[in-house]
Amino acid sequence: MDKTVADLRKDYTLEGLSETEINPNPFIQFKKWFEQALAAQLPEPNAMTLATATPNGQPSARMVLLKDFDEQGFVLFTNYNSHKGQELAANPQAALVFWWAELERQVRIVGTVEKISPEKSDTYFEMRPPHSRLGAWASNQSQVIVSREVLEEQLQEFQHKYENQEVPRPPHWGGYRIIPTKIEFWQGRPSRLHDRLLYTRTSDSCWKIERLSP
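Residues numbered from 1 in each chain as written. Predicted model: local features only at pLDDT ≥ 70, side-chain atom pairs only at ≥ 80, totals over all residues. Heavy atoms only, no water.

If you check an unreviewed UniProt entry, the protein appears there as Pyridoxine/pyridoxamine 5'-phosphate oxidase from Nodularia harveyana UHCC-0300. Under the UniProt heading Sequence similarities (unreviewed entry), the entry covering the protein gives this text: "Belongs to the pyridoxamine 5'-phosphate oxidase family." (UniProt positions renumbered as here; feature names shortened; annotations may be inferred.)

As structure tokens, this is what we get:
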């Protein structure tokens, strides 16, 4: 191997990000960037890192998929009994990171977390393909299993149980909304002098915008 990890680097040159260009509303700014990621046909532009922590501060992170967003927050779906579900139940705070490498952009979001309504979880669950709905029943997410065969046997059991009928949403599966207190937009720039603009929610529910040193 000719290069070491320390040798890997890239100079970012595509665009800049200034206070005069961004929207004063961070949700509108996110929508603009997200639509540009869609238009660029990036692979899974809704993929994001979700970081959670236990009550004693042990962090954990994993990739998940954004499924909705508006001015209330950013929504994802998962098994409530999973490791992330247990951590969010004990410590309802989280961070999200979007990384759109081809656009040299990153968005970081920090906020509190709440479950969305059962009705909204039902609506999304009904949109999922049948095999995904069955998978939500078959998988005890994050739990240790003896083998792959055990998982496939559980899937077959639920396929038989719900044969020729609608698959209902499991009570242990549903959506979370991350309600932001901070949203940072990062645009790569040459010489590692990146543009970082941070929105912070104020006590009157407005947004303060500040530039951060890269």
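There is more to say, and it comes next.
## Some remarks on the pattern of salt bridges
Counted according to the given criterion, the structure contains 13 salt bridges. Linking Glu87 and Arg62 is a salt bridge whose minimum nitrogen-to-oxygen distance equals 3.6 Å. Placement of the pair is Glu87 in helix H2 (residues 83-90) and Arg62 in strand S2 (residues 59-65), with a sequence separation of 25 residues. A relative accessible area of 12% means that Glu87 is categorised as buried. Here Arg169 ties to Asp122 by a salt bridge, and the two come within 2.6 Å at their closest N and O atoms. On the criterion of sequence distance, the pair formed by Arg169 in the loop between helix H5 (148-161) and strand S7 (173-187) and Asp122 in helix H3 (residues 118-127) is long-range, its members being 47 residues apart. Classification of Asp122 by relative accessible area gives partly exposed; the value is 31%. (Salt bridge = Lys/Arg side-chain N within 4 Å of Asp/Glu carboxyl O. Helix = DSSP H or I, 4+ residues; strand = E, 2+ residues; numbered from the N terminus. Buried < 20%, exposed > 50% of the residue type's maximum accessible area, 1.4 Å probe, protein only.)

## Section: the UniProt feature "domain: Pyridoxamine 5'-phosphate oxidase N-terminal" (unreviewed entry) in the protein
If you check UniProt for "domain: Pyridoxamine 5'-phosphate oxidase N-terminal" (unreviewed entry), the listed places come out as residues 35-160 in our numbering. As annotated, residues 35-160 has a helix share of 36% and a strand share of 34%, and its two end C-alpha atoms lie 41 Å apart.

## Re the UniProt feature "domain: Pyridoxine 5'-phosphate oxidase dimerisation C-terminal" (unreviewed entry) in the protein
Under the feature "domain: Pyridoxine 5'-phosphate oxidase dimerisation C-terminal" (unreviewed entry), the UniProt entry names residues 173-214. In the segment residues 173-214, helix accounts for 0% and strand for 67%; the C-alpha atoms at its two ends are 39 Å apart.

## Topic: the packing of aromatic side chains
Within the structure shown, the criterion is met by 23 aromatic pairs. Ring plane angle 5 degrees and centroid distance 6.2 Å describe the contact between Tyr124 and Trp173, whose orientation is recorded as stacked. You can see Tyr124 sitting in helix H3 and its partner Trp173 sitting in strand S7, a full 49 residues away along the chain. Residue class for Tyr124 comes out buried when judged on its relative accessible area of 17%. On the basis of relative accessibility, which here comes to 6%, the residue Trp173 falls in the buried class. These aromatic residues form a ring-pair network of at least three members: Phe27, Phe30, Phe34, Phe69, Phe74, Phe98, Trp100 and Trp207. When the ring centre of Tyr80 is taken as reference, the NZ or CZ atom of Lys115 above it lies at 3.9 Å. The ring of Trp137 has Lys161 lying over it, and the distance from NZ or CZ to the ring centre is 5.8 Å. (Phe/Tyr/Trp six-rings, centres within 6.5 Å; stacked < 30°, edge-to-face > 60°. Lys NZ or Arg CZ within 6 Å of the ring centre and 35° of its normal.)

## Focus: the pairing of S2
Here strand S1 (residues 47-53) runs beside S2; their pairing, made up of 7 bridges, is antiparallel. Bridging from a neighbouring strand, Thr49 pairs with Met63 of S2. (Pairing = 2+ DSSP bridges.)

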